[in-house]
Amino acid sequence: SAVISQKPSRDICQRGTSLTIQCQVDSQVTMMFWYRQQPGQSLTLIATANQGSEATYESGFVIDKFPISRPNLTFSTLTVSNMSPEDSSIYLCSVYQGAKGSYNEQFFGPGTRLTVL
Amino acid sequence: GESVGLHLPTLSVQEGDNSIINCAYSNSASDYFIWYKQESGKGPQFIIDIRSNMDKRQGQRVTVLLNKTVKHLSLQIAATQPGDSAVYFCAENIKGDYKLSFGAGTTVTVRA
């Protein structure tokens, strides 16, 4: 499976500021995703990062709050904008390397732990 | 040790015993299932998967069972070790759909 890294691994931010999280994969992947994991909770999909086009957001998540870029097949960023304490979560990047339309075996990065004060 | 019913948030198991983690999935159209292990401070780690045309699949010390009739999935860990202490999530998917839907997770604690 691909090796996935995320930067930063953790951060403490002030409310009203923005943080950009990077996800780097060591090989080209078909699809990249961003998830949020709130404290003690399960994972919720934020969006699918599309290479060369706008991300596809899930219900409850909007581009103004979580702008996403994916300039190539190995890299993506997620920005958490105008942060509030409710944004304190682990943000996870995941990737899928298989053929489109096949079984969606996803692998996850180590996550970015965000605390908003 | 076994989590009964749908699944319990926590499972405590004696080292060396077998563990059974249960998961009820919601979508009868789901045809692909994954178990992930998440250790403290880390991202989810892929453990084992199973497709809906199977009812059992074995890996190293782990076995996944799928009962489509009652939409139930279980993960069995043989000879549980301290390193198995983690939160375990099941995820369901429909082939060709990008979205994984995750269960609530079960925290497994291994007693020495």
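Refer to the structure presented above.
Okay, the sheet that holds strand β6 (residues 62–67) of chain B next. All names here are of chain B. Here we have four strands laid out as an open sheet, ordered β2-β7-β6-β5, and antiparallel in their pairing. Strands at the two margins of the open sheet, each flanked by one partner only, are β2 (19–24) and β5 (56–58). Averaged over all pairs of adjacent strands, the angle between strand axes in this sheet comes to 15°, irrespective of strand direction.

Residue-level contacts link 24 residues of chain B with 23 residues of chain A. Overall, the association of chain B and chain A removes approximately 1,800 Å² of surface from exposure, summing both partners, and the carbon and sulfur fraction of that is 58%. Counting the surface chain B buries against chain A, the share from its top three residues, Lys95(B), Tyr98(B) and Phe102(B), is 30%. Counting across the interface, chain B meets chain A through one salt bridge. Note that Lys99(B) is salt-bridged to Glu58(A), the shortest N-O span being 3.2 Å. The interface formed by chain B and chain A contains seven residue pairs in polar contact (both at pLDDT 80 or more). At the level of elements, β3 (32–38), β4 (45–51) and β8 (86–93) of chain B are the ones that each hand at least two residues to the side of chain B that touches chain A.

Generally, phi is negative for residues other than glycine and the peptide bonds are trans, each holding for most cases. The linkage connecting Lys7(A) with the following residue, Pro8(A), adopts the cis geometry, with an omega of -10°. As for its position among the elements, Pro8(A) is in the loop between β1 (4–7) and β2 (10–13). One non-glycine residue with positive phi stands out, namely Arg61(B), at about 65°. In this structure, Arg61(B) sits in the loop between β5 and β6. A relative accessible area of 30% means that Arg61(B) is categorised as partly exposed. The phi torsion at Lys71(B) lies on the positive side, around 55°, for a residue other than glycine. Within the element layout of this structure, Lys71(B) appears in the loop between β6 and β7 (72–77).

Under the counting rule described, the total for this entry stands at two disulfides over all chains. Cys23(A) shares a disulfide with Cys93(A); S-S distance 2.0 Å. Across the disulfide from Cys23(A) to Cys93(A), rotation about the S-S bond amounts to roughly -65°, and the bridge is consequently left-handed. Separated by 70 residues along the polypeptide, Cys23(A) in strand β3 (residues 19–25) and Cys93(A) in strand β9 (residues 89–96) bring together distant segments of the chain. Residues Cys23(A) and Cys93(A) agree in their burial class; the two are buried. Cys23(B) shares a disulfide with Cys90(B); S-S distance 1.7 Å. Taking the sign of the torsion about the S-S bond as the criterion, the disulfide between Cys23(B) and Cys90(B), at about 40°, is right-handed.

Rules used in this analysis
- Residues numbered from 1 in each chain as written.
- Chains lettered and ligands numbered in written order.
- Predicted model: local features only at pLDDT ≥ 70, side-chain atom pairs only at ≥ 80, totals over all residues.
- Heavy atoms only, no water.
- Pairing = 2+ DSSP bridges.
- Helix = DSSP H or I, 4+ residues; strand = E, 2+ residues; numbered from the N terminus.
- Axes fitted to C-alpha atoms, helices over the stretch in contact; angles between N-to-C directions.
- Contact = heavy atoms within 4.5 Å.
- Buried area = accessible area lost by both parts, 1.4 Å probe.
- Salt bridge = Lys/Arg side-chain N within 4 Å of Asp/Glu carboxyl O.
- Polar contact = N/O pair within 3.5 Å; in protein donor to acceptor, adjacent residues only side chain to side chain.
- Buried < 20%, exposed > 50% of the residue type's maximum accessible area, 1.4 Å probe, protein only.
- Disulfide = S-S within 2.5 Å.

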